[in-house]
Amino acid sequence: MVALLALVFSLSPIFLSAQATALPQVQASGQGQSALASPQGRRPGEDPAALLGLELAGSFERFGLPLKVYPLRGAEAWQDDVVFEYSGGFSAFWFSGRVWQLRFSADYLGPVHGVSLGDGIDDVVSLLGQPYIHADAAYVFNLPGRGYPVRMRVLLKEGKVQDIYVYRADF
């Protein structure tokens, strides 16, 4: 992780110039509004679990430079992450040089495994089945396997999906 942070911060002039440059607009399918996207106009898509394990070069190639990069402290040192925040409402969480978790929040316009921001929990359960874990306003669902366990955590606010996380459960 230290090496990843060193690389990221050595590129900080590039990140600053990327923030100052207007990014191209792309039309979100099925939406009447445009959304910011990476220079390549790519988004994680319906099955973002396919991006788990992505390396740094692949991330830059697919999504361009992130708008923000910051460390996220865990309760233990081994739980520290580096977060790349992209336009369009998604973030990639890095550990040991690979993406281990993706977050989808407010500005994300597409579905994630059929679930969209703003859906009610009944809609989510009808798509994904009963949750693996339920605690307060958080629901965790098992997703189809990829040779390692993948889960989706859905956080609710006022009964509606506010954030979606897709992650490797073996980290």
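Predicted model, so just to flag it, every value in this text is computed and none were measured.

Trainee: Got a sec to walk through the overall build of the protein? Specific residues and values, please.
Mentor: Secondary structure summary: the protein contains four helices and 10 strands in total. For the protein, the N- to C-terminal ordering of α and β elements is α-α-β-β-α-β-β-β-β-α-β-β-β-β. Per-residue burial for the protein yields a buried fraction of 39% across its 171 residues. If you take every contact in the protein between residues at least 6 apart in sequence, the share linking residues at least 24 apart comes to 43%. When the accessible surface of the protein is totalled, it reaches about 9,000 Å², and 54% of it is carbon and sulfur.

Trainee: Explain the pairing of strand S10 (residues 160-168) to me, using residue names and the numbers behind them.
Mentor: For S10, a buried count of seven out of nine residues is recorded, marking the element as mostly surrounded by other parts of the structure. Where strand S6 (residues 98-104) and S10 come together, four bridges link them in antiparallel fashion. Within S10, the residue paired with Leu102 across the bridge is Val166. Where strand S9 (residues 150-157) and S10 come together, eight bridges link them in antiparallel fashion. Residue pairing for S10: Arg153 is matched across the bridge by Tyr165. The loop that links S9 with its antiparallel partner S10 comprises two residues; one of these, Glu158, has a positive phi angle of about 55°.

Trainee: Quick rundown of helix H3 (residues 56-63)? Include the residues and the values.
Mentor: For H3, every residue scored as buried is listed here: Leu56, Ser59 and Phe63. Along the axis of H3, the buried residues cluster in a sector spanning 60°; they form a single face. Turned more than 90 degrees off the buried face of H3, the exposed positions are Ala57 and Glu61. In the stretch just after H3, Gly64 is the one whose phi turns positive, near 75°.

Trainee: Which residues make up the environment of Arg146, and what values do they have?
Mentor: As for its position among the elements, Arg146 is in the loop between strand S8 (138-143) and S9. Separated by 22 residues in sequence, Arg146 and Arg168 have C-alpha atoms that sit 9.8 Å apart. Leave out the neighbours within four places in its chain, and Arg146 touches Asp47, Ala49 and Ala50.

Trainee: I'd like a rundown of the nonpolar core, residues and numbers included.
Mentor: In terms of nonpolar packing, the biggest core is built from 31 residues, with Phe84, Phe104, Met152, Ile164 and Val166 touching the most fellow members. Counting residues per element, the ones that place at least two in this core are H3, strand S4 (81-86), strand S5 (90-95), S6, helix H4 (121-128), S8, S9 and S10. Among the elements that line this core, the one with the most residues is S9, at four residues. Formed by six residues, the second largest nonpolar core is a distinct cluster that contains Val83, Phe93, Trp100 and Val140.

What counts, and at which threshold
Residues numbered from 1 in each chain as written. Predicted model: local features only at pLDDT ≥ 70, side-chain atom pairs only at ≥ 80, totals over all residues. Heavy atoms only, no water. Helix = DSSP H or I, 4+ residues; strand = E, 2+ residues; numbered from the N terminus. Buried < 20%, exposed > 50% of the residue type's maximum accessible area, 1.4 Å probe, protein only. Contact = heavy atoms within 4.5 Å. Areas by Shrake-Rupley, 256 points an atom, 1.4 Å probe, with all protein chains shown as cover. Pairing = 2+ DSSP bridges. Arc of directions from axis to C-beta. Core = buried A, V, L, I, M, F, W, Y, C linked by side-chain atoms within 4.5 Å.

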